[in-house]
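Survey of secondary and tertiary structure
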Amino acid sequence: MAKWGMVIDLEKCTGCQACTTACAMENNTLPGEAWQDVLYYHEGQYPNTSIKWLPRPCMHCEDPSCMHVCPTEATYKTEDGVVLIDWNKCIGCKYCMIACPYGVRFFTDEKPLLEPDLKAMFPGENGQQWSPPYQNPESDWRHGVGIQPKGVVSKCTFCYHKISKAPEGVADLDEDDPETKEYTPACVRTCAPKARYFGDLDNPNSKVNQLIADKRGVRLLDHTGNKPQVYYLTGEGGSVPAFGSDPSQDQG
Amino acid sequence: MSAQVQSASTGGGTSMVSLLLLPLAIIGLLIGAYGMREMFTVGHSVLNTGTEMMWGLPVVTYAYLALTSFGVAIVATVGAMFRIPGFGPIYRRCLTLALGLSVGGLLALFLELGHPFRALYAIPLNFQFRSPLYWMGFFWLLFIVPLVLMLLKLRTMPAGSSASRPLEIVLLIAALGALGTQGLVYGMMGMRPFWFGATLPLYFLAGALVVGLALVILLTNLAHDLNRDKMPEPTRQLMGSTLPNVLLVVLALYILTTIGRVVTGLWSSLDGHQVVYVNMMNSTLFHLEFFGGLLLPFVLLALPGLRTNPLVQVLASLLLVIALFIGRYEFTIGGQLVPLFKGNWIPGLIQYTPSTVEWMLTLTTVSVALLVYAIAEKLFNPPRA
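Bear in mind that the values here come from a model prediction, so they are computed numbers and not experimental data.

**Examining the overall build of chain B**
A count of helices and strands for chain B gives 15 helices and 0 strands. For 385 residues, the compact-globule estimate of 2.2 N^0.38 gives 21 Å, and chain B sits close to it at 21 Å. Taking the principal axes of its C-alpha atoms as reference, chain B extends roughly 70 × 45 × 40 Å. Taken across its 385 residues, chain B has 59% of its residues classed as buried. Accessible area of chain B: about 15,300 Å², with a carbon and sulfur share of 74%. In chain B, 19 positive and 12 negative side-chain charges are present, and the distance between their average locations comes to 10 Å.

**Let's talk about unusual backbone geometry**
A negative phi angle is the norm for most residues apart from glycine, just as the trans form is the norm for most peptide bonds. The omega torsion across Tyr46(A) and Pro47(A) is 5 degrees, close enough to zero to call that bond cis. In this structure, Arg216(A) is a non-glycine residue whose phi angle is positive, near 55 degrees. Within the secondary structure layout, Arg216(A) lies in the loop between α7 (207-214) and β9 (230-233). What makes Arg216(A) exposed here is its relative accessible area of 67%. Of note in the backbone geometry, Phe127(B) takes a positive phi value of approximately 45 degrees without being a glycine. You can see Phe127(B) is positioned in the loop between α6 (116-126) and α7 (132-153). Using a relative accessible area of 46% as the deciding quantity, one classes Phe127(B) as partly exposed.

**A short note on the sheet that holds strand β8 (residues 196-200) of chain A**
Residue and element names in this part refer to chain A. In spatial order, the strands read β8-β1-β9; together these 3 strands make up an open sheet with mixed pairing. The open sheet is flanked by β8 and β9, the only strands paired with a single partner. Put simply, the sheet's adjacent strands are angled 20 degrees from each other on average, direction ignored. Pairing between strand β1 (residues 4-9) and β8: 5 bridges, direction antiparallel. If you follow Val7 over to β8, its bridge partner there is Tyr197.

**Examining α7(B)**
Helix length check: α7(B) (22 residues) gives 32 Å between terminal C-alpha atoms against 32 Å at 1.5 Å per residue, within 8%. When we look at burial in α7(B), the residues that qualify are Pro132(B), Leu133(B), Tyr134(B), Met136(B), Phe139(B), Trp140(B), Phe143(B), Ile144(B), Pro146(B), Leu147(B), Met150(B) and Leu151(B).

**Quick notes on the pattern of salt bridges**
Residues and elements named next belong to chain A. Applying the stated criterion across every chain yields a total of 15 salt bridges over all chains. A salt bridge links Arg219 to Glu62; the shortest N-O distance between them is 3.7 Å. Separated by 157 residues along the polypeptide, Arg219 in the loop between α7 and β9 and Glu62 in the loop between β3 (50-56) and α2 (65-69) bring together distant segments of the chain. Where Arg189 meets Glu182, a salt bridge forms, and the shortest distance between an N and an O atom there is 3.4 Å. A residue is classified by how much of its surface remains accessible, and Glu182, at 47% relative accessible area, is partly exposed.

**Describing the confidence of the model for chain A**
Residues and elements named next belong to chain A. Across chain A, the average pLDDT comes to 91, with 94% of residues at or above 70. By mean pLDDT, the top-scoring element of chain A is strand β5 (residues 83-85) (98), and the lowest-scoring one is strand β2 (residues 37-43) (86). Note on residues 247-252: pLDDT under 50 across the span, and 21 contacts to partners over four residues away in sequence or across chains.

**Looking at the nonpolar core**
If you look at the biggest cluster of nonpolar residues, it comprises 179 residues, and the most contacted ones within it are Trp4(A), Phe143(B) and Tyr186(B). With 17 residues, the single largest contributor to this core is helix α4 (residues 57-81) of chain B. Ranked by size, the runner-up nonpolar core spans 8 residues in total, among them Val7(A), Tyr197(A), Leu201(A) and Ile212(A).

**Re a nonpolar patch on the surface**
Residues and elements named next belong to chain B. A grouping of Leu22, Ile26, Leu30, Ile375 and Leu379 is seen on the molecular surface, where their side chains present a nonpolar patch of about 450 Å² in accessible area. Elements with a minimum of two residues in the nonpolar patch: α2 (16-35) and α15 (356-380). Here the nonpolar patch gets 3 residues from one element, more than from any other, and that element is α2. Within the secondary structure, Leu22 sits in helix α2. Overall, the relative accessible area of 32% leaves Leu22 in the partly exposed class.

**Observations regarding the side chain of Ser355(B)**
All names here are of chain B. Here Ser355 shows up in the loop between α14 (310-334) and α15. Judged by its relative accessible area of 10%, Ser355 falls in the buried class. Not counting residues up to four positions away in its chain, the partners in contact with Ser355 are Val46, Leu47 and Asn48.

The rules behind these values
- Residues numbered from 1 in each chain as written.
- Chains lettered and ligands numbered in written order.
- Predicted model: local features only at pLDDT ≥ 70, side-chain atom pairs only at ≥ 80, totals over all residues.
- Heavy atoms only, no water.
- Helix = DSSP H or I, 4+ residues; strand = E, 2+ residues; numbered from the N terminus.
- Rg over C-alpha atoms; globule rule 2.2 N^0.38 Å.
- Buried < 20%, exposed > 50% of the residue type's maximum accessible area, 1.4 Å probe, protein only.
- Areas by Shrake-Rupley, 256 points an atom, 1.4 Å probe, with all protein chains shown as cover.
- Lys, Arg positive; Asp, Glu negative; His and termini not counted.
- Charge placed at Lys NZ, Arg CZ, Asp CG, Glu CD.
- Pairing = 2+ DSSP bridges.
- Axes fitted to C-alpha atoms, helices over the stretch in contact; angles between N-to-C directions.
- Expected span 1.5 Å × (residues − 1).
- Salt bridge = Lys/Arg side-chain N within 4 Å of Asp/Glu carboxyl O.
- pLDDT = per-residue confidence, 0-100.
- Contact = heavy atoms within 4.5 Å.
- Core = buried A, V, L, I, M, F, W, Y, C linked by side-chain atoms within 4.5 Å.
- Patch = residues over 30% accessible without salt bridge, like charges linked within 9 Å, V, L, I, M, F, W, Y side chains within 5 Å.

This is how it looks when you write it as structure tokens:
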């Protein structure tokens, strides 16, 4: 069984947000409900400042705190290493959102994160939070796939409706490989500068493993012990941002 | 005279609190329910909580009502278990209040959840032993069952009888367990430094004891129309010496703990920690809580001449009840003020002000707590001779 993971090369990422858009189209997320976000921040003091960015999906951690705190086991980890939410079990207590160090979970019952309020424009039908005219036909609430129902938490699934159908034993899901293209997550497939790689972290021959080893892949907030399965390649002397909460640090 | 004392000691129907509580609770419930009617039609979009501020005023309310419920029960049960003179006559009233507060707290939680009815079976049936919330629910249930059983028992036997000892022990363990696990719900969150810490259950215990003692003193005074002569002799002793003295000591500990937390928070440069305390220091709410709600009652209770005065006791207790609510608000909201990986989407701390509907939800649930207390007082009171 594969253990799916992602590598994001920050030296290649242009911050174009095509991944964010592809994710929103694939998963019919609401504005602001960015399962795959690109976070912009600035570093330094005027006049020596620079704008930077960080693409940030769910980290699908090896030891996810969101899963451990869920009182109903609605958040769970699949055998192939993906953290999912069973929308039939979620009670909307939002404890997982509290416990996630990466802020990648969303609760859309409340005020719209961004205007206009698409929930009001396309009212939900058949239990859906909202029902846009064009929808991905894939819907599987046990795996948190599709348009979420009301009263539950949502998050990135690594496009589980795609990757779960990938051929057994494949090392990487690459958009350039005709055999795996259809099983590749939307954000990976759409990335124009090819800054994203998706593959089996347990397979020593996978591209993701090679990149992590050769380019010293790092993980966000490793000290929390969650052990993300998303690795960043930061280049020579680069680092992932800490995202300090103090505005005077000029990070965000 | 003896009939009058018996009537007052059981929280009889002639006291000020009995006369006023029921209509006040009904009026509060009606206003609150009307004010939050939108929530039943358009859902949670009328709340100012969401993806950025996950736990807002509804969670503050439920956590506060739970804290007060456990606090009152712990104070009363310890008093009854150790046969402290004077606790007998007020034991039932305290437990009735604890029941009302727990019902109010559970209602607040129920109204806040995305799927409250699903929670009723999904939490107990999925056995998520690693979740602090699971254990808090477990202990809360374990708390309510013996609480009701004890109230039923007290209809036929006096407080402090040896036959009720096992139930008292279970009740005390459950109350401590529920309080401790509620502390762990926050204390285990290593990613939120404002909350994180193994000693948080002890901080919660100190707060619960303060508010528990304050409510017991408040209620006993009101139930006897602020008149010591209406109290049985042991209760008069209890109210004139034991309870205010214990409250003074516990309050001193709580104030010291609060100072310790604030000083550590301001000193520590840990990201996500110091900035919250600095923000707290700059808010009027904190100063109201600390100086008006904690230090002023401490001074009032520290002066021997004032400590035993029923009016002063009521004032000090009311201030403490309000201060602990503010403290719970600052604690719950403070832990979420630091945005986690939001970049320029949220450049500073998260801004949150409760909506009118959220305040109405608080009014509703507090009113329900008082209503349940007022009704349960009638139900569990034994028929008078």
